[in-house]
Structures are given as structure tokens and as C-alpha cells.
Amino acid sequence: MAYDKFTTLQDTAVPLPAENVDTDQIIPARFLKATEREGFGDNLFRDWRYDTEGNPKKDFVLNDDTYSGKILVAGKNFGSGSSREHAVWAIYDYGFRCVVSSFFADIFKNNCLNIGVLPVTVSPEFIDKLFEAIEADPKVEIKVDLPSQTITLVSTAESESFEINEYKKQNMQNGFDDIDYLLNISDEIEAFEKTR
Amino acid sequence: MEKTTLFDKVWDSHVVRSVPSGPDVFFIDKHFIHEVTSPVAFLNLEKRGIGVKYPERTIATPDHNVPTIDQDQTIKDKLSRMQVEKLRNNCDKYGIELHDLGSAHHGIVHVIGPELGVTQPGMTIVCGDSHTSTHGAFGAIAFGIGTSEVEMVLATQCIMQSKPKKMRISVEGKLSKGVTSKDIILYIISKISAAGATGYFVEYAGSAIRSLSMEARMTICNMSIEMGARGGLIAPDQTTFDYLKGKQYAPKGADWESAVAKWQELKTDEGAEFDKEYHFDAEDIEPMITYGTNPGMGIKVKDRIPTTDGMEGSNKKSYLKSLEYMGFNPGEPVLGKKVDFVFVGSCTNGRIEDIRSVAQFVKGKKKADNITAWIVPGSREVEKLAHEEGLVQILEDAGFKLRQPGCSACLAMNDDKIPAGKYAVSTSNRNFEGRQGPGARTMLASPLTVAAVAVTGEITDPREVF
Ligand code: SF4
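Note that the structure is predicted; figures quoted are calculated from it, not measured. (Residues numbered from 1 in each chain as written. Chains lettered and ligands numbered in written order. Predicted model: local features only at pLDDT ≥ 70, side-chain atom pairs only at ≥ 80, totals over all residues. Heavy atoms only, no water.)

What follows deals with the UniProt feature "binding site: [4Fe-4S] cluster" (unreviewed entry) in chain B. All names here are of chain B. UniProt records the feature "binding site: [4Fe-4S] cluster" (unreviewed entry) for Cys347, Cys407 and Cys410 in the present numbering. Spatial clustering of the annotated residues is evident: they stretch over 64 residues in sequence, but the largest pairwise C-alpha distance comes to 8.8 Å. Restricting the annotated residues just mentioned to those that line the largest cavity leaves Cys347, Cys407 and Cys410. Within the secondary structure, Cys407 sits in the loop between α15 (391-397) and β17 (423-426). In this structure, Cys407 is in contact with Asp63, His64, Ile108 and Phe343, ignoring residues within four places of it in sequence. (UniProt positions renumbered as here; feature names shortened; annotations may be inferred. 1 Å grid on protein atoms, 1.4 Å probe; cavity = no way out; pocket = protein on both sides within 12 Å on 5 of 7 lines; lining within 4 Å. Helix = DSSP H or I, 4+ residues; strand = E, 2+ residues; numbered from the N terminus. Contact = heavy atoms within 4.5 Å.)

Structure follows, in C-alpha cells:
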């Protein structure tokens, strides 16, 4: 499905410095039983967010009003583990549009791009800077500019550029998805299939 | 002529076109689907008003959320039942081959693909499940995809993929007694870390790998994703051909001969370059076990949990958080720790060879009283063989029971959940927090080590119980 267009986003951010956050943490398997795409945000980080009785755990960042925003700033090796796209649906459904980390797992990053959540990879130094800035002032804003491929800490104007391939960038900016592209070249694919 | 790797050969021959400064349009030979990651893909096809382009290239089975007892009865859990029914309806509607609960070839998708001979050398294979890498053992490029991509494959038989970098991991030498392919892969991941191969596709090579059976090779390729790799593959050889010969979907007669001739070409040329290479010595590998909450946190069973020396900042914090979850302290040994559950199964180690090795080990011994054991065959075929070979009897005499096929406690989507705080030693592939149930503490090991634990009731080196 075509999705929201993404050009620039300036907002506050939610920090999650833990490393190796895997997709089982983002959305535990027992919440994968839906046959539609809606409602996964309620179970985002379920077991970190709620105790076994379903009460919010005070010390988890999503339960702390101090932090909010459409940008999730995450620790190294974010999204490792299963290929469940539900993890990105949960992130999207909760309200995030961009995830920043110094290192993403492959399939997770692909899944993000496929549904219109922008994964931004920055240097370890820059991510530390972001964590420090958010800790010092939870209302600090981050600006993510896709056309110029830069991410900026608005308060200090410190900035870094990030990579994204031109095709995916165009897709994100225009809200196109890969199926649109593939359906457009179906003759070519049919010809190829015949040779297999 | 340019020297290319096995991976290049298979990849390049499946590129329909390359998008300038973008990904390749990548053709998929075989597509596996299951009940959890496919319903939304079908729903989206409907919304777009399009159908399944090549239904004969997709094969389905319900495995992730199915119960492992009473499979002949209606699934009790409503949501699971709905997912399985959706899968049935979708397969019916679009003409997709379904290996349903109770049928002769029902099982975990990565176990039945090879068993049926659907998985073949040189193919491209995808599935909405990260352990699709299992099929790489046949010299196929196989990897997990997200639901949007499942939709792409159903609609067009292609996905858009940038070609990953290439890594070769060679293991040379002879494995010692009591050391299995699970130990090889846990050892490799502990050396290069849970993210060490992110961005790469791995080829496993070397004499120790060549000496392995197909089942054992599948275990290794299966866990490629646990070091971040998109997948892993092994060049096909006589072992591969012998395994495939006569399988239901394997080529027959003259087709077989020409297929084998073609498959024999599928290898890395002498002198071809990789972006990264690792070399390991088989003699250094011993029975392994994980002590933390990612598969890179593994040690030799007889070793101590690493201390925090040399760690700092968020790295140290994550490490200590992980140990806290497990209830372990830095620097302590794992040997002798009490265990509550053992799980033998999953697409990593739920094949007949695994059940055989457990049965052989426990033969004439008894299960420890403190252990609850779940032994779950990867497929109906495995279950059938276990009966025919008398393994079920041996297991029962030792106090174990064989359940019915499915993913089971590997991801705890069904009722097979390890209770909070309890310790499970498992043959599956992930020890993430809560993977086997909220609060469950998982330690990954080989079927042999798990069998030893089941008998002693505590963390045990299998070589000490022979
Ligand atoms: S057995 Fe586990 S890893 Fe394998 S497909 Fe099932 S859930 Fe995934």
C-alpha cells in the first residue's frame, strides 16, 4: 500500500539507549495473532511497558510523560531477530515516523522503508550526543531532512548526514511502494519467469 | 573469466533488472508462507484488486501458532484458529498448495521444504520468517522477508533487494566427539557477535562443514540470521544430491541427471573475493551454551560467564541487564545450575537426526524429576520416522513424550510457554527476553547437551555423561 510521504520531520524524541533491542521486545510473538494491520501500537514494547497484570511500569520510557515525539532514538543493533513486519507496524501505529540508531538489523531496516518509517543510521558519537541532549532537556528537538539527507540537533545545530539509496528516498518522498514499481514492469518479469 | 562466488552465481542469475542507484528486481523461485505473516499480505492484494501471479511457486503450512497436542481437534485459541482458517481460505481461493494440520507433510515450513524436495540448489527462496536461511544448506539463496515483501512476491514473484556484501566462514579440521553442528554455529556467533554479519550473506566452507549431513548443515544455515546475516549458504555436493534424490519434488530420470550436472557448477571459483573472511579451527570447538539474552552470548559449557572487564558505558549496562534477566552473575560457571525445562524442536534442531541423537543419548537412562521436557518433531514426517525407528519407545522408556509438529516453545505463540523465571535449555535459535514466554530464561544448546541436561536436571557437559 502506498503510505505517508516523508520529507522533513522536526520533533522531540523518545530515547531508548538499550542495545540489541530485538523484535521480540518490540512486539512479543503472542501479539502477532491479528489478521489485519491495525492496533499493534498498544502492544509496542509490551513486556517492558506493562507488568504481568497489565499495569504500566513507571520506569519505562513510554510511560514517562517527560518524553514524547515522533522520533525514536535507539541503541545499537536495533530490530535484530525475526522478520515480523509487525514490529514496524507497532512502531508506526504508536506514532513514530522515524527511528534513529547507530546500527540497524537488515530486515528491520527494509521493513521500515517498506511501510514508510524512516530508519536513520548515524555515527556512534552522534547517537551519544542525541542521548545526552535528550537527557539534559527532554524537549530538545531533532530535525530529520530527507531531501538533504541530514539529521540535526536543533538546539546546537550539530548535524550529520545519513545514507539512503536514491530509489528508496524517492519512494519515501512520494509515498510510493515497491509493488507499484513491480506491477509497472510486469511484462519484463513475465518474460523472465519463462526462462526459469 | 571473472572469478565469482557461489552467492554471486545464484544472485546474478535471478536479477530481472537493476534499478539505477537502487535495488535489484530480484526473482523468487519458491515462496513459503505460514499463518502469521501472510494474512495482511493477502488483505492488501484484495485492496489493490490483484491476485496471486504464480500460485504454483508458493507453498503454505500453518506452523507458528498451532497447538502440539490434539491437532485433530479444532484449535481452542480463537485468534490462532482465525489465522489458520485465513490461511486455508487464502490457499483455497488462490490455488496455493497447503500442507494442513494433520496431513502427511505438515510441519515447520523450513523442515517440510527440504523434506519435500522443494528446496533445491541454485534456487532463490523467501518466506515471511527470518529462519528461511535454513534452505541455504542446499546452495540456495534463501532469506526472510517482511509482510510487504510477501505481498510483492504473491503479486509479482519479485522483490526489490540490494545485493548484500559477501562473507566466507571456513571451519577446517575434525570435530571432536560430542560436538555437533549446533555447537559450531553457537561458537561462530559467540566469536563474531549477534550483529557481526549484518549486511552480509555468508558462505560456510571448509572440511568440517563438508563433513556434515544435510540436517546438520541446515542447523548452521538456520542460525545465520542470529549473527545479523541475511542468510547463509553451503555449496551443494554429493551429500546434497543423495539427500534430494527421490524426494517428491526433486527432478526425476533424465531431468535428475541434467539437474545434478548443473548443480555441480554451483561453487565459489578458486580465487574469488569476499568482502570479509573468517577462519576457525574445528578442534577448538566444544559443546556450547548461551548464558545471556542474545545468541552471541555463548560460551563453552565448561567455561565461566565472562566478567565485565574491559566493558564500559551502554555496552556494560546492556550486558548486566541481560545477566540480571537471566539471574546470573559475571564470572560464575554455568555447569551445575538447576534447570526446569528442556525443549527439543524448532527449525534449528527438530529434524529426525536431532530426535535420533536425543533418543540414543537417553536410552537406558531416566529423565530427571525436576525437568519438564517438550520434545517436538519439526514435521509429521519426522514424527512418523521417530515411530518407525523405535525412537518414540526409547524416549517413553526414559520418561519423555513426543508431541505433535509445530514451532511450539521456540516462540511460544501457542500454549507451550516456559513460565516466568524458569530456566529452559532449548535446541531452538533465540534466547531473547520473553522469547519462550514472558519472563522465561532460555539457554541455547545442541540436542545432545539438552539430552544430558534432561537426564541430570542441571547444566551438564554431554561428554561427561557418556
Ligand atoms: S521453529 Fe521457531 S524459528 Fe523456526 S520458523 Fe518456527 S518460530 Fe521461527
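Residue and element names in this part refer to chain B. Close to the ligand lie His64, Ile108, His110, Asp129, His131, Ser346, Cys347, Cys407, Cys410, Leu411, Asn429 and Arg435. According to the grid-proximity analysis, the pocket containing the ligand is the largest cavity. Of the residues that constitute the shell around the ligand, the class distribution is five nonpolar, five polar and two charged. (Near = heavy atom within 4 Å. Sits in = over half its atoms within 2 Å of the grid points. Nonpolar A, V, L, I, M, F, W, Y, C, P; charged D, E, K, R; others polar.)

Turning next to the interface of chain B and chain A. In many analyses, interface size is given as the accessible surface area lost on bringing the parts together. Each side of the interface is counted separately: chain B has 70 residues, and chain A has 52 residues. A combined buried area of about 5100 Å² lies between chain B and chain A, and 58% of that area is made up of carbon and sulfur atoms. A per-residue breakdown of the area chain B buries against chain A is headed by Arg17(B), Arg48(B) and Met160(B), which together make up 12% of the total. Our count for the chain B to chain A interface comes out at 28 residue pairs in polar contact (both at pLDDT 80 or more). Going through the elements one at a time, β1 (15-18), β2 (24-27), α2 (39-48), α3 (78-94), α5 (147-156), β8 (158-161) and α11 (313-326) of chain B are the ones with two or more residues in the side of chain B that touches chain A. Taken together, the residues that form the side of chain B that touches chain A break down as 27 nonpolar, 25 polar and 18 charged. (Buried area = accessible area lost by both parts, 1.4 Å probe. Polar contact = N/O pair within 3.5 Å; in protein donor to acceptor, adjacent residues only side chain to side chain.)

Another aspect to go through is the pairing of β8(B). Side-chain direction in a regular strand flips from residue to residue, so the side chains alternate between the two faces of the sheet. Residues and elements named next belong to chain B. Side chains Cys158 and Met160 project from β8 onto one buried face, and the interleaved Ile159 and Gln161 project onto a second face that is buried too. Of the strand pairs in this sheet, β2 and β8 are connected by four bridges, and their pairing is antiparallel. Along β8, the bridge assignment pairs Phe27 with Cys158. (Buried < 20%, exposed > 50% of the residue type's maximum accessible area, 1.4 Å probe, protein only. Pairing = 2+ DSSP bridges.)

So, about the pairing of β2(B). Residue and element names in this part refer to chain B. Taking every second residue as pointing to the same face, both faces of β2 are buried, with Asp24 and Phe26 on one and Val25 and Phe27 on the other. Taken together, the three bridges between β1 and β2 define a ladder with antiparallel strand orientation. Residue pairing across strands places Val15 opposite Phe26, the latter belonging to β2. Linking β1 to β2, which pair antiparallel, is a turn of five residues; within it Ser21 sits at a positive phi near 40°.

Our next topic: the environment of Gly399(B). In this fold, Gly399(B) is placed in the loop between α15 and β17. Distance in space between the C-alpha atoms of Gly399(B) and Asn329(B) is 33 Å, their sequence separation being 70 residues.

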